[in-house]
Amino acid sequence: MDGIITALLALCAMMVVFSTIVTVMQEAVHKGLQSRRKGMITLMESLYTRSIAPRLRNQNLLIAREHTDKAAARQFALDMTANSTLPLSPQWRKISETPVLRLYFGGRLERLSTNEFAEQLARSEVGKIIARQDDAALRETIRGFAYDFERFGDAQMATFKKKAKVSAVLIGAIVAIALNVDILHAFKSLMANQNSAVRIANSLSSPAITPLIQVPVESAPAAAEGEQPAAGAEEATAGAARESLVQAGQSAQVVGTQVVALQGATAAYEDLGLPIGSRFFPFCQQAPNTVGQIDARCGDGRAAAGVGMVTLTGSGLNYDGSQVENLWARLRSGSGAGLIWIFSIFFAGAAFGMGAPFWFNLFRKLGSTTAGGKVVSIAGLDTTQQPGTAAFQPMTIRSEAATPDTLLHAFRTVQAAEA
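Let us look at the structure shown here. (Residues numbered from 1 in each chain as written. Predicted model: local features only at pLDDT ≥ 70, side-chain atom pairs only at ≥ 80, totals over all residues. Heavy atoms only, no water.)

### Examining the overall build of the protein
And step 1. Helices and strands together make up the secondary structure of the protein, namely 14 helices and four strands.
And step 2. Among the 419 residues that make up the protein, the fraction classed as buried is 44%.
And step 3. For the protein, the proportion of contacts with a sequence separation of at least 24, taken over those separated by at least 6, is 79%.
And step 4. For the protein, the exposed surface amounts to about 21,100 Å²; the carbon and sulfur share of it is 59%. (Helix = DSSP H or I, 4+ residues; strand = E, 2+ residues; numbered from the N terminus. Buried < 20%, exposed > 50% of the residue type's maximum accessible area, 1.4 Å probe, protein only. Contact = heavy atoms within 4.5 Å. Areas by Shrake-Rupley, 256 points an atom, 1.4 Å probe, with all protein chains shown as cover.)

### A few points about the side chain of S19
And step 1. Structurally, the position occupied by S19 is in helix α1 (residues 2–33).
And step 2. By relative accessible area, S19 is classed as buried at 0%.
And step 3. At 3.3 Å, the side chain of S19 forms a polar contact with the backbone oxygen of F352. (Polar contact = N/O pair within 3.5 Å; in protein donor to acceptor, adjacent residues only side chain to side chain.)

### Quick word on the nonpolar core
Generally speaking, soluble globular proteins have nonpolar side chains that are buried together.
And step 1. Core analysis: the largest hydrophobic core is formed by 48 residues, its most contacted members being M14, F18, V181, L190, Y269, L274 and F352.
And step 2. Elements with a contribution of two residues or more to this core: α1, α7 (135–179), α8 (183–192), α9 (194–202), α11 (321–331), α12 (337–353) and α13 (356–369).
And step 3. The element that contributes the greatest number of residues to this core is α1, accounting for 15 residues.
And step 4. Leave out the neighbours within four places in its chain, and M14 touches V181, I183, Y269 and L274.
And step 5. With 35 residues, the next largest nonpolar core counts V126, I142, A146 and L407 among its residues. (Core = buried A, V, L, I, M, F, W, Y, C linked by side-chain atoms within 4.5 Å.)

### Considering the pattern of salt bridges
And step 1. A complete count under the given rule lists 11 salt bridges for this structure.
And step 2. Close ionic contact of R139 with D405 constitutes a salt bridge, the shortest N to O distance being 2.8 Å. In this pair, R139 sits in helix α7 while D405 sits in helix α14 (residues 404–418), placing the two residues 266 residues apart along the sequence.
And step 3. Put simply, D295 and R297 hold a salt bridge, and the shortest N to O gap is 2.9 Å.
And step 4. Beyond isolated ion pairs, a larger network of salt bridges with shared partners links R55, D148 and R151. (Salt bridge = Lys/Arg side-chain N within 4 Å of Asp/Glu carboxyl O.)

Structural data, given as structure tokens:
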């Protein structure tokens, strides 16, 4: 029984590392695609079309026809996501409101609390319409808008979570294929080699592995030392635009960094005796300075696959079809090894997508049941710095302080300042 738990501990330790790196890569993709900004704009457009416009018509405050709602909803979304701390000149405002560039320019907001929603509402065209009401009617109007804002936000966040989980599994599957993380074969090997299993489980708190699972997910690039903020409106807006583009560039850089980290983690686990990498089925590449294959499943007489499938030569890209043929022949062999490998790889991808906190907690629970002190404790590992939640940060932030009175106060305060 102890042998099974030790092997599971080693597997969890490996999952913590790979899951964290996959999460950071996923977050970089979200930032590069501006997923949250797009989601906030979509949320505001839906809120206007399905809630705000009908409410205003019922109160005889809006006479616009249905076919104009689309343009009005777009303007409402731009008003509600505009960062009021960044002054916009007419030229930059025009650029920031174009369909694609509006995601990268102008410093669009990605998250809003309920009180912040009321503040942004006061700056919008809708806010100018409802501001003519007396306080009692305005309080009820804002309360209804805020309620629907939270309700719509919760629904959209649930959808975002589902999509994020799917993308995490897809990224995890790509990583598992690229690194050949055959979970079933790895677990079988760990069961047979308990010394390697203990070393891999202990590696979770080693200096070589710990930095990989404590990679901070930066929300914005830090200012250079001594850099002064721009003084004028043009300079401030241009700086915000440049920062958005820098963030997109940094997202690509983060992905590149994590690819290097994955390679390092793979090499470290191979050194610890974990059977992952291109030397194993179905790629079956021969290790340097060795004779024969180290994986019994590769003893089919076929050449290695995965090396030089696509190479860059002076005449352009060169495609070697024999590499793919060797790989495909192994996967569809009658022994069933290929089918098991495919299942194992996609299982690994799904496991990576579950996130590092899940595997870390499972590691701790299993570690508490291990007898004989075979596995060293994970003291020294910062358990409070577990990435993985960044991809699921809510777009709407509920607050106990967001009462109808506080919402009215926030609206009137901003309205007075904007007058």
